[in-house]
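Reading the structure
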Amino acid sequence: MSNWPLKTTLSILQSTPGHEGFSLPSLDVPEAPAPTRARAAKPKLPELSELSVVRHFTRLSQLNFSIDGGMYPLGSCTMKYNPRVNELTSSFRGFARLHPLTPDHFAQGALELMFHLENLLSEISGFARVSLQPAAGAQGEYLGIKMIRACLEARGEKRTKILIPESAHGTNGASASMCGYTVLPVRGTEAGLADFAQIEELTRAGDVAGIMITNPNTVGLFETEIQKITQLIHDRGGLIYCDGANMNAMLGVTRPGDAGIDCMHFNMHKTFTTPHGGGGPGCGGLGVSKTLIPFLPVPTIEKNPSGADDFILEHERPQSVGKVKDHYGHFLMMVRAYTYIRELGADGIQKAGRDAILLANYIRERLKPHYDIAYDKTCMHEVVFSDKRQNKNGIKTLDIAKRLIDEGFHPPTIYFPLIVQGALMIEPTETESLSSVEKFCETMIKVAGEALEENAFEKHFKDRPRHVAFGRVNETLAAKQLKLTWKDLE
Amino acid sequence: MSQILKDLLYTKEHEWVRRTSNTRVVQVGITDFAQSSLGDVTYLDIPAVGTSLKQNQVFGSIESVKSVSELFAPVSGKIVKRNEALVNDPAPINASPYAEGWLVEIEISDESELTKLMSPESYESVAQ
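Residues numbered from 1 in each chain as written. Chains lettered and ligands numbered in written order. Predicted model: local features only at pLDDT ≥ 70, side-chain atom pairs only at ≥ 80, totals over all residues.

Structural notes on the overall build of chain B
Tallying secondary structure elements over chain B gives 4 helices and 9 strands in all. In chain B, the succession of α and β elements from N to C terminus is β-β-β-α-β-β-β-β-β-α-α-β-α. Relative to the 2.2 N^0.38 estimate, which gives 14 Å for 128 residues, the radius of gyration of chain B is 13 Å and therefore close to what a compact globule would have. Once the C-alpha set of chain B is aligned to its principal axes, its extents read approximately 35 × 35 × 25 Å. Counting every position in chain B, which comprises 128 residues, the buried fraction comes to 38%. Of the contacts made within chain B by residues no fewer than 6 positions apart, 63% connect residues no fewer than 24 positions apart. (Helix = DSSP H or I, 4+ residues; strand = E, 2+ residues; numbered from the N terminus. Rg over C-alpha atoms; globule rule 2.2 N^0.38 Å. Buried ≥ 20, exposed ≤ 12 C-beta atoms within 10 Å, placed from the backbone. Contact = placed C-beta atoms within 7 Å.)

Next comes the structure, spelled out in structure tokens:
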């Protein structure tokens, strides 16, 4: 293990008086003092050379684990490889330098790309229309519920409740709440699916605005009764939102729009290979059924109604819920998603979904003899195990996760979903080859074996990880002693 | 194996109830099983003294590195005391769930509700 980069510190603490990273041309106008100085003291900026700054950020990036460095089977997150061609297209001058206030007739290329991306997503998901405006999946989710509310109010209905199965994604409750709904949880059946009988019971009173369902759900299973559920909710006057975070499993296999769903968000960073994390900018489009089209946020992209062969942004939509994001969302993310879909083509998109499912099931079969499986049946794009067997010998999910880091793998998602005690949730995505997935399985099997040995914790799991720059971190310290800015470290 | 004290009553939501010297007042906390499943507790949210509670009502939340869980009132009544020390440092909930990690004391409004709670023996089947 190389001892570089070993540790790093804040750039402000590396500051050396007199060092600078810029050179200005000599002054060619008479020097004049500023009339008044707004700030009392000089800002405390680090004094560093350009190379020191480059090294600082390079070091930080090397301390991070990324899909470019190794397998990242973080369940529910769809950590796909981001093809480099996406970076090529999104850096084209005409896209990258386009000002958001450019008049429509000078931005035709961008409008055309967005128009086609909306159509491609509609085709893939079976929805009547798509809006690309939301800046993230969670905002798409919020927008979906806002539109459901607007639609029900336009029908003169005041419904107050939303159903959310326990196997749905964690953010759903927050979106429902922000839109003024009371959340009614729906329990899971022994088979890991949403309980239809309870949905039937809870919707009898007629005060349920709809259901927020995740499909495939968070335990990686396809909700086989989805059409029965959408039929029932529609019959009783409600609407259906689907959490699209797990869309990867449906690519080219089935379409949520065809199953009677009224709206679903897309996580472009999961399904369509835009970058993960970094705090954004993100893109989380929303697909909607015919029923919800009038309520789409403004502007929408339309073919010019005058018959000219160009595109316009339409702002006049009387029933629209309004804007959720300035301009039209984060355009360069759309360029990346569009590039990915066009690069793969229809056959490639279908193969991506099928391969993701196949690899998850390969892992399921390989690891089943070694880890307790939460629901023993064919899974979709991810599979959930638990630490039940290892825990009997004192080895917990967290220990297994930390142990894997020393083997060069990012750990799976742990302790989620909450309905599985000590969950280990694995999602390989189609990015990985069979041989790298097999290597991961062999490592998991080795660790399972270590966990059953006598004195296993002391021998194999204590103080892990040992072979990375930062070893076992205190998981709660950051939550208990908040240090949010560099000033807290001074 | 998590610890279950013989002199306490329990709920299926993994809370314990202890009768105090004042027959009207009970002390409430979370069980050893609950603290070990939650992992290190980072934050506790409990209502002020004087708050009225109904049995099974959500009255607060407890946050750990893994998740945020709700606290359910084991009995109806009024909060007469809360463990102020935990607000700044909830660590005793993990280190000493049955003693220093107690959460609140409730003045019971309906004693018959105590009969609806679980015995240590029946709680044992839930805590695994």
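Considering the interface of chain B and chain A
Contact with chain B, which involves 7 residues of that partner, is made by 7 residues of chain A. Considering only residue class, the side of chain B that touches chain A consists of 2 nonpolar, 3 polar and 2 charged. (Nonpolar A, V, L, I, M, F, W, Y, C, P; charged D, E, K, R; others polar.)

Some thoughts on the domain arrangement of chain A
Residues and elements named next belong to chain A. For chain A, the assigned domains are domain 1 (85-340) and domain 2 (347-473). A C-alpha centroid distance of 31 Å is found between domain 1 and domain 2. With 19 residues of domain 1 at the interface, the matching set in domain 2 holds 20 residues. Of the residues assigned to the side of domain 1 that touches domain 2, the class counts are 10 nonpolar, 8 polar and 1 charged. (Domains from an automatic or database assignment.)

So, the sheet that holds strand β3 (residues 25-30) of chain B
Residues and elements named next belong to chain B. Spatially, the 6 strands line up as an open sheet ordered β1-β2-β3-β9-β8-β5, and their pairing is antiparallel. Edge positions in the open sheet fall to β1 (9-10) and β5 (52-53), since each of these has one partner strand only. Bridge analysis of β3 against strand β9 (residues 104-108) gives 4 bridges, and the strand direction is antiparallel. Of the residues in β9, the one forming a bridge with V28 is V104. (Pairing = 2+ DSSP bridges.)

Section: the nonpolar core
In globular proteins that are soluble, nonpolar side chains generally tend to be buried together. Residues M114, M334 and A337 of chain A are the most contacted members of the largest nonpolar core, which totals 108 residues. The biggest single contributor to this core is helix α10 (residues 331-367) of chain A, with 17 residues. Split by domain, this core shows at least three residues from each of two domains, domain 1 (85-340) and domain 2 (347-473) of chain A. In this structure, A337 of chain A is in contact with L117, M268, F272, T274 and C283 of chain A, ignoring residues within four places of it in sequence. Counting residues in hydrophobic clusters, the runner-up holds 31 residues, among them L9, L71, I79 and W102 of chain B. (Core = buried A, V, L, I, M, F, W, Y, C linked by C-beta atoms within 7 Å.)

Some words on the packing of α10 of chain A against helix α13 (residues 434-452) of chain A
Residue and element names in this part refer to chain A. The geometry of α10 relative to α13 is characterised by a closest axis approach of 10 Å and an angle of 25° between their N-to-C directions. Relative to α13, the element α10 is oriented roughly parallel. The way α10 lies across α13 gives a crossing that is right-handed. Judged by residue contacts, L359, Y362, I363, R366 and L367 of α10 engage V437, C441 and M444 from α13. For the contact of α10 with α13, a count of residues per class yields 7 nonpolar, no polar and 1 charged. (Axes fitted to C-alpha atoms, helices over the stretch in contact; angles between N-to-C directions. Parallel < 35°, antiparallel > 145°, perpendicular 65-115°, else oblique. Left-handed = near helix turned anticlockwise from the far one by under 90°.)

A short note on the sheet that holds strand β5 (residues 239-243) of chain A
The strands that make up a sheet pair up through hydrogen bonds in the backbone, lying either parallel or antiparallel. All names here are of chain A. Strand order in the open sheet formed by 7 strands is β1-β7-β6-β5-β4-β2-β3, with mixed pairing between adjacent strands. Across the chains shown, the open sheet's two edge strands, defined by having one partner strand only, are β1 (129-131) and β3 (182-186). Neighbour-to-neighbour, the strand axes of this sheet turn through a mean angle of 20°, independent of strand direction. Here strand β6 (residues 263-265) runs beside strand β7 (residues 286-288); their pairing, made up of 3 bridges, is antiparallel.

Remarks on the pairing of strand β4 (residues 208-214) of chain A
Residue and element names in this part refer to chain A. With 7 of its 7 residues buried, β4 lies for the most part within the structure. Summarising the sheet, strand β2 (residues 161-165) and β4 pair through 3 bridges and their orientation is parallel. Pairing of K161 across the sheet is with V208, part of β4. For β4 and β5, the ladder comprises 5 bridges, and the chain directions are parallel. Paired with T214 across the strands is D243, a residue of β5. Crossover connection from β4 via helix α8 (residues 226-235) to parallel β5: handedness right-handed. (Right-handed = clockwise from strand over helix to strand, strands pointing away.)

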